[in-house]
Amino acid sequence: MFSASDPIRGGSEWRLPWQELSGVADSSKESERQFRRAVFSFDRWAAHRSTSRYLRHFRGIFSSRTFQGLLQPMSFFAGMAALAGLYNTYLVPQGAPEVAISDTSLDITAFAVSLLLVFRTDSSYARWEEALKAWNDVRSLSKDLARQSCYWVGEGPRKDMLVRWCEAFSRALLVHCRVDGCLESELEDVLLPHEVAAVAAVGPSGAPSFVLQVLAELIEQCGVTEIKEDKMFSTVRALGDTVAVCNKLLRYPLPLAYTRHTSRFMFLWLSAMPWAMWSEVHWMVVPITAAVSYLLLGIDEIGVQIEEPFGILPLEDVCVDIQAKIDAMMDRQDIAEIDAMMDRQDIVTDLLVAGGVDCEPRSTCGACGALYRNPWGFLRMGRLLEDLDSLAGSIAFAHCQVPGVPPPLLVTAAVDAIEYQRPAVLSADMACQGQVVYTGGSSLDIRMELLQDPHAPSPSLVALFSFVLLDPITKRPAKVPQLQPVTPQEQQWAAERAAVAAARKAARKAAQGKPQLSAEQQQLLQGALSASRLLLDMPALADPSALTAEETSLSNAFVCQPQQRNMHGRIFGGFLMRRAFELAFASTYLFAGSRPAFVRVEDITFRYVFAVKLAPGQALRRVLPASEADVERLMRYLADSE
């Protein structure tokens, strides 16, 4: 059925001529391996634990497969014992030399027999356990890939084919792991006839890899999002790892020298035992030798049998379970189960709340979390800034859009200081909402809120974005449709923003000259300049932890792609804020030597400063101005912070 070129199945050339004598017994033993594939139910476990097992197992000793498989070597050693009895009974009295082996020699070597058998059984069981784990992975990964196909791939032939080939993988791997497997019979109920023919043409050894190749190509053609595609490909790669494990167990046994030495050791030890025991038990040595050989050889035989575990593992049960679960998914029989699970989750949450546990809402989109997670598992604030700006821009666009007029040109002018009211977590869904709260001559302010806990008295984060409306042709400021506040809350927000707009206008006029600093700020600036001169002129006398501002400088360059530009060809302000925030985060991380934690973002006018804090126990090194540009930036920061 299989060619000799197959590295796993082409083993017939290893049979030697004298091994044909035991061919019948070995063939029977190999054919009975299928009856060792036990799958337990509760009734079988009860019988397995029953104390009556001792008598039951003893009664079945002569019909056991281990006993029948060992009849040939047991008969040989019983014959050796009988030969020792005949020699001592008839030949020794006639003058033949007496053959006597000391009991001490057997006692000395008995511990070696024990060590050999323990190593054999432990090593073989480790291989059994590894094979069982690999097939449990096949079970779970096949179900995962089928579930991903059902939920992420739209209805159509691609989805149906993906599910079919998910079922086919375990069947192909089963045939690959069994010498008596038949691809056509295993796959005929799973794949279409032309698909079965294609797999059969590859052969049993290459069938699992061929199935994975088909699955990978199908995933490529499904057109799912990049995150979902990566998840599906990682599942396929994990299935490929199980094939590698199975190949390793099939092709590479325990060291053959160990197996051969164990057999030779047992042969010599059991052959010598009758000669050592004859003087004490006489003809009882025959049944004793047969019994001891059965006990010792039985341990070795069990170890050899489970060394290649696939012939006695119930792999068919795994394949049937995979097919049943996948068919249930395709028949939508699991919808009721999912609904019941969600109902149970609500009950569990109610129980926790009743017990005084403050339960946070759970996220319903695990794939989206990767976009918002930094390397330490916390929220990427830069990504959130970009999303808030994007939604605020959409709100401003909707407010300024006039039917029959070219689309408005809006630019982000400023963002007020942003600070957490309550830390946001990635384990729960986040919702962003906003509205126009103030309109000036050519500007409008959008109040944005981040909501995570619907029962919280206030949002997790509040941000105020200011946009300026430009004429799309002249690029000059244009008049914004005016807002009419109605509710008391809207009127309060409008009044607050009007005051902020007036303060900004006054600050812009004041900033035309040199920034005016208070006495305390001037003293702080002079102290920084004095320390800076000391660091530059006499570094040996300066604070050893001090650095110049230039030494903490960090920059990067990037190409703005089309998706980062609006319809007027301008870069989105949110994209720039995200890149600037992440650059500031990286600069702080390199400068401080530990992960910074977000505290607040100061007012943004596309020249802004980020306030961060270090982990407990971390001391911040001093940064000193070393150039006129550094001094200018420091003066403006001090004036803005005032």
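Here we come to the overall build of the protein. Tallying secondary structure elements over the protein gives 20 helices and nine strands in all. When the 642 residues of the protein are sorted by exposure, 36% land in the buried category. Relative to all contacts within the protein whose residues are 6 or more apart in sequence, the contacts with residues 24 or more apart total 73%. Of the roughly 36900 Å² of accessible surface on the protein, 59% is carried by carbon and sulfur atoms.

So, about the pattern of salt bridges. Taken as a whole, this structure holds 18 salt bridges when the rule is applied. Notably, a salt bridge pairs E195 with R164, separated by 2.7 Å at the nearest N-O pair. Residue E195 is located in helix α9 (residues 193-202), and its partner R164 is located in helix α7 (residues 157-177); the two are separated by 31 residues in the primary sequence. A residue is classified by how much of its surface remains accessible, and E195, at 4% relative accessible area, is buried. Between R380 and E582 there is a salt bridge, and its shortest N-O distance comes to 2.6 Å. Note that R380 is positioned in the loop between α15 (334-354) and α16 (381-400) and E582 in helix α19 (residues 573-592), a separation of 202 residues in sequence. Through salt bridges with shared partners, one network takes in R380, R383, E386, R578 and E582.

It is worth spelling out the side chain of R447 at this point. By the element assignment, R447 lies in strand β4 (residues 443-451). Polar side-chain contacts of R447 include one of 3.2 Å to the side chain of E449. Among all residues touching R447, those that are not within four sequence positions of it are Q433, G434, Q435, V437, V462, A463, L464 and W493.

For the rest of this paragraph, the subject is the nonpolar core. A general feature of soluble globular proteins is that nonpolar side chains tend to end up buried together. Counting 50 residues, the largest nonpolar core has W135, L215 and F310 as its most contacted members. At the level of elements, α6 (103-152), α7, α8 (183-187), α9, α10 (207-222), α11 (226-251) and α14 (315-330) are the ones that each hand at least two residues to this core. When near neighbours in sequence (up to four residues on either side) are disregarded, F310 contacts A131, W135, C177, R178, C246, L249, L250 and L315. In this structure, L385, I446, F465 and F467 belong to the second largest nonpolar core, which totals 31 residues.

What follows concerns the packing of aromatic side chains. In the structure shown here, the tally under the stated rule is nine aromatic pairs. Look at W278 and W283: their rings are 5.3 Å apart centre to centre, the planes differ by 85°, and that puts the pair in the edge-to-face class. Aromatic ring contacts, followed pair by pair, group F62, F67 and Y294 into a single cluster.

Here the focus is the packing of α6 against α11. Between α6 and α11, the shortest axis-to-axis distance is 9 Å and the interhelical angle comes to 155°. Between α6 and α11, the angle is such that the two are roughly antiparallel. Handedness of the crossing formed by α6 with α11: left-handed. Classifying every residue of the contact of α6 with α11 gives 14 nonpolar, five polar and six charged.

Together, W376, F378, L554, Y589 and L590 give the surface a local cluster of nonpolar side chains, amounting to about 480 Å² of exposed area. Secondary-structure assignment places Y589 in helix α19.

Two strands pair when backbone bridges link them, and strand β3 (residues 431-439) and β4 are joined in this way by eight bridges, in the antiparallel orientation. The partner of A431 across the bridge, within β4, is L451. Hairpin geometry of β3 and β4 is characterised by an intervening segment of three residues between the two adjacent antiparallel strands.

Turning next to the environment of Q484. Along the polypeptide, Q484 turns up in the loop between β5 (461-470) and α17 (488-510). When its relative accessible area of 62% is taken as the criterion, Q484 is described as exposed.

The next thing to look at is the environment of D144. If you trace the backbone, D144 turns up in helix α6. In this structure, the C-alpha to C-alpha distance between D144 and T235, residues 91 residues apart in sequence, is 7.6 Å.

All right, on to the environment of A542 then. Looking at the secondary structure, you find A542 in the loop between α18 (519-537) and β6 (547-548). By relative accessible area, which is 10% here, A542 ends up buried. Sequence separation between A542 and A531 is 11 residues, and the spatial gap between their C-alpha atoms is 7.3 Å. Beyond its immediate chain neighbours, meaning those up to four positions away, A542 contacts L534 and L535.

Next up on the list: unusual backbone geometry. Even without being a glycine, H282 presents a positive backbone phi close to 55°. Looking at where H282 falls in the secondary structure, it is placed in the loop between α12 (256-281) and α13 (285-307). Classification of H282 as partly exposed rests on a relative accessible area of 41%.

The end-to-end C-alpha distance of α11 is 37 Å, a good match for the 38 Å that 26 residues give at a rise of 1.5 Å each. By the burial criterion, the buried members of α11 are E229, M232, F233, T235, V236, L239, T242, V243, C246, L249 and L250. On the buried face of α11, the contacting elements are α6, α7 and α10.

Time to look at the confidence of the model for the protein. Reading predicted coordinates in detail is not appropriate for stretches of low pLDDT. Per-residue pLDDT for the protein has a mean of 78; in total, 80% of the residues score no lower than 70. Here residues 1-5 scores under 50 on pLDDT; set against residues more than four positions off or in separate chains, the count is 10 contacts.

Parameters at a glance
- Residues take numbers from 1 onward in each chain, read along the sequence in its written order.
- Only residues with pLDDT of 70 or above have their local features reported here, since the model is predicted, and side-chain atom pairs are shown and tallied only from 80 upward, although totals for entire chains, interfaces and linings are computed over all residues.
- With hydrogens and water stripped out, all remaining heavy atoms of the structure feed into the side-chain values.
- Here a helix means four or more residues in a row that DSSP labels H or I, a strand means two or more in a row labelled E, and each is numbered from the N terminus.
- Exposure classes here rest on a 1.4 Å probe applied to the protein chains alone. A residue is buried below 20% of its type maximum, exposed above 50%, and partly exposed in between.
- We call two residues in contact when some of their heavy atoms are within 4.5 Å.
- Using the Shrake-Rupley algorithm and a 1.4 Å probe, accessible areas are obtained, with residue cover drawn only from the displayed protein chains.
- A side-chain nitrogen of Lys or Arg and a carboxyl oxygen of Asp or Glu constitute a salt bridge if their distance falls within 4 Å.
- Side-chain atoms alone can form a polar contact between residues adjacent in sequence; in general such a contact is a pair of N or O atoms within 3.5 Å, and within protein one must be able to donate a hydrogen while the other accepts it.
- As used in this record, nonpolar core signifies buried Ala, Val, Leu, Ile, Met, Phe, Trp, Tyr and Cys residues forming a set joined through side-chain atoms within 4.5 Å.
- Under the pairing criterion, centres of Phe, Tyr and Trp rings, with the six-membered ring standing for Trp, must be within 6.5 Å; the plane angle then separates stacked pairs below 30 degrees from edge-to-face pairs above 60, leaving the rest tilted.
- Orientation is described by lines fitted to C-alpha atoms, with helices fitted over the stretch in contact, and by angles between N-to-C directions that extend from 0 to 180 degrees.
- Working rule for angles: under 35 degrees goes down as roughly parallel, over 145 as roughly antiparallel, 65 to 115 as roughly perpendicular, anything else as oblique.
- A crossing counts as left-handed when the near helix is turned anticlockwise from the far one by less than a right angle, and as right-handed when that turn is clockwise.
- Amino acids are sorted into nonpolar (Ala, Val, Leu, Ile, Met, Phe, Trp, Tyr, Cys and Pro), charged (Asp, Glu, Lys and Arg) and polar (every other residue, Gly among them).
- Put simply, a patch holds well-exposed residues, over 30% relative accessible area, that have no salt bridge, with like charges counted together within 9 Å and Val, Leu, Ile, Met, Phe, Trp or Tyr side chains within 5 Å.
- Following DSSP output, two strands are said to pair if at least two bridges run between them.
- Helix span, as expected, comes to 1.5 Å for every residue beyond the first.
- Along the chain, pLDDT gives the predictor's confidence residue by residue, from 0 to 100.

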